[in-house]
Amino acid sequence: MDQGENAETFKAIAAEAFAALEGARQIPPFSSRPRGLSVDDAYRVTPLVRQMYEAGGAKAMGRKIGFTNRTIWAQYGVYAPIWGYVFDRSVHDLATVEALALARFSEPRIEPEIIFGLAAAPTAQMDETALSSCIAWVALGFEIVQSIYPGWKFSAADTIAANGVHGALLIGPRHPFPPRATEWRRTLSAFEIDLTCGNRLADRGPAENVLGGPLSALRHLAGLLANDPVNPPLAAGEIVSTGTLTKAMPVASGETWTAAPGEIALDAVQLRFI
């Protein structure tokens with residue numbers, strides 16, 4: 001297949017994935033089709049999906065990293081982190097959200113995540129001390145993920161083509177990073193979190209599940225983007241959600257979910273679904 005045919009194929013994949021994301025409908029995985037889909041090709045779809053969001057008036061606000069939690073790799077058959085974009089219409093401060101409607105998502109699940117706001121652009125060569133100097137603020141929040149593929153059955157490439165299965169990002173209270181940088185570096189890799197639905201404990205996860213800690217996940221993303229020929233590196237002002245600290249749990253209307261961290265100076269967060 002020549003370069004022009006590849007370009008048309010990528011456009012068609014982007015258009016189909018974007019329509020499914022926007023329409024809360026499901027489609028067969030691209031990897032299961034005769035042509036298949038590789039991870040490298042899927043990242044060539046990523047900027048096309050971004051362009052489609054932007055053509056509709058959305059603005060890219062940053063990135064979400066997916067599958068940083070190694071304990072869930074076998075569940076999904078995805079064995080390395082991936083990333084997608086978050087947009088101004090999918091990013092919300094939890095303080096402004098009374099409840100989140102689920103009708104616009106396909107098979108939604110909830111993930112408690114550490115979220116960073118970047119003051120400067122990190123690079124792949126930075127160690128975690130240097131990397132932390134790029135962070136303006138840190139918060140705990142929720143990512144709502146969704147699957148445009150029935151039953152959450154897909155390959156890594158399929159998740160990338162679906163913009164990292166991103167649905168929404170809801171950010172809790174933001175804490176300035178620089179004044180307590182040493183403390184944050186220590187506690188971000190050592191805390192645990194309880195995820196509850198009503199009074200039921202759904203899962204408990206240690207921060208080290210996320211590639212050893214959220215800072216390690218951020219460093220991994222900087223490395224991925226350094227070797228990406230078509231997508232831009234991280235920039236100052238971006239928001240980065242670093243991946244789920246627990247299993248991704250299915251959610252339903254009428255439920256209220258809480259994520260409560262221990263041994264770290266972050267606020268518990270709560271979200272109700274309708």
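Residues numbered from 1 in each chain as written. Predicted model: local features only at pLDDT ≥ 70, side-chain atom pairs only at ≥ 80, totals over all residues. Heavy atoms only, no water.

Asks: Describe in detail the side chain of Asp158, supporting the description with residues and values.
Replies: Note on placement: Asp158 falls in helix H5 (residues 156-161). Buried charge Asp158 goes without a salt bridge, the closest partner of opposite sign being Arg33 at 7.0 Å. A polar contact of 2.9 Å, which involves the side chain of Asp158, links it to the backbone nitrogen of Ser155. (Helix = DSSP H or I, 4+ residues; strand = E, 2+ residues; numbered from the N terminus. Buried < 20%, exposed > 50% of the residue type's maximum accessible area, 1.4 Å probe, protein only. Lys, Arg positive; Asp, Glu negative; His and termini not counted. Salt bridge = Lys/Arg side-chain N within 4 Å of Asp/Glu carboxyl O. Polar contact = N/O pair within 3.5 Å; in protein donor to acceptor, adjacent residues only side chain to side chain.)

Asks: Outline the packing of aromatic side chains, listing residues and values.
Replies: In the structure shown here, the tally under the stated rule is 14 aromatic pairs. Ring centres of Phe116 and Phe177 lie 6.3 Å apart, and the angle between their planes is 80°; this geometry places the pair in the edge-to-face category. Pair noted here: Phe116 is in strand E4 (residues 109-118) and Phe177 is in the loop between strand E7 (175-176) and helix H6 (181-187), with a separation of 61 residues, a long-range link. Of the two residues, Phe116 and Phe177, both sit in the buried class. An aromatic cluster is built from Phe18, Tyr43, Tyr53, Trp83, Tyr85 and Phe87, whose rings are joined through pairwise contacts. The ring of Trp83 carries the charged tip of Arg63 above its face, separated from the ring centre by 5.0 Å. Arg174 extends its terminal NZ or CZ atom over the ring of Trp137, reaching a point 4.2 Å from the ring centre. (Phe/Tyr/Trp six-rings, centres within 6.5 Å; stacked < 30°, edge-to-face > 60°. Lys NZ or Arg CZ within 6 Å of the ring centre and 35° of its normal.)

Asks: I'd like a rundown of the pairing of strand E5 (residues 135-145), residues and numbers included.
Replies: Counting buried positions along E5 gives 10 out of 11 residues, so the element sits mostly inside the fold. Where E4 lies against E5, 10 bridges are found, and the strand directions are antiparallel. Counted as the bridge partner of Pro112 is Phe142 from E5. Of the strand pairs in this sheet, E5 and E7 are connected by two bridges, and their pairing is antiparallel. Paired with Trp137 across the two strands is Pro176, which belongs to E7. Bridge analysis of E5 against strand E6 (residues 166-171) gives five bridges, and the strand direction is antiparallel. Across the sheet, residue Gly141 finds its bridge partner in E6, namely Ile171. (Pairing = 2+ DSSP bridges.)

Asks: Pulling in residues and values, what's your account of the pattern of salt bridges?
Replies: Counted under the stated rule, the structure contains 11 salt bridges. Salt-bridge contacts for Glu143 lead to Lys64; the nearest nitrogen and oxygen are separated by 2.9 Å. Of the two residues, Glu143 is situated in strand E5 and Lys64 in strand E1 (residues 60-66); the sequence distance between them amounts to 79 residues. When sorted by exposure, Glu143 lands in the same class as Lys64, which is buried. Residue Lys247 is joined to Asp203 by a salt bridge in which the shortest nitrogen-to-oxygen separation is 3.9 Å. Remark: Asp203 occurs in strand E9 (residues 200-206) and Lys247 occurs in the loop between strand E10 (239-244) and strand E11 (249-250); sequence separation between them is 44 residues.

Asks: Explain the sheet that holds strand E8 (residues 192-197) residue by residue, including any values.
Replies: The four strands lie next to each other as E9-E8-E12-E13, forming an open sheet whose pairing is antiparallel. Each having just a single partner strand, E9 and strand E13 (269-272) make up the two edges of the open sheet. Sheet twist, expressed as the average angle between the axes of neighbouring strands with direction ignored, equals 15°. (Axes fitted to C-alpha atoms, helices over the stretch in contact; angles between N-to-C directions.)

Asks: Give a description of helix H2 (residues 39-55) that names residues and reports values.
Replies: When the terminal C-alpha atoms of H2 are compared, their 25 Å separation across 17 residues agrees well with the 24 Å that a helix rising 1.5 Å per residue should span. Those residues of H2 lying buried are Ala42, Tyr43, Val45, Thr46, Pro47, Leu48, Val49 and Tyr53. Gly57, located one to two residues past H2, shows a positive phi value of around 100°. (Expected span 1.5 Å × (residues − 1).)

Asks: Explain the pairing of E13 residue by residue, including any values.
Replies: The alternating pattern of E13 places Val269 and Leu271 on a buried face and Gln270 and Arg272 on a face that is not buried. Of the pairings in the sheet, the one linking strand E12 (residues 256-262) to E13 comprises four bridges and is antiparallel in character. Residue pairing in the sheet places Thr256 in a bridge with Arg272 of E13.

Asks: A description of unusual backbone geometry should follow, citing residues and the corresponding values.
Replies: Backbone phi values are negative for most residues with the exception of glycine, while trans is the configuration of most peptide bonds. Of note in the backbone geometry, Glu107 takes a positive phi value of approximately 45° without being a glycine. In this fold, Glu107 is placed in the loop between strand E3 (91-93) and E4.

Asks: Please set out helix H7 (residues 214-226) residue by residue, giving values where relevant.
Replies: The end-to-end C-alpha separation of H7 is 19 Å, in line with the 18 Å expected for 13 residues at 1.5 Å each. Among the residues making up H7, those that are buried are Pro214, Leu215, Ala217, Leu218, Leu221, Ala222, Gly223 and Leu225.

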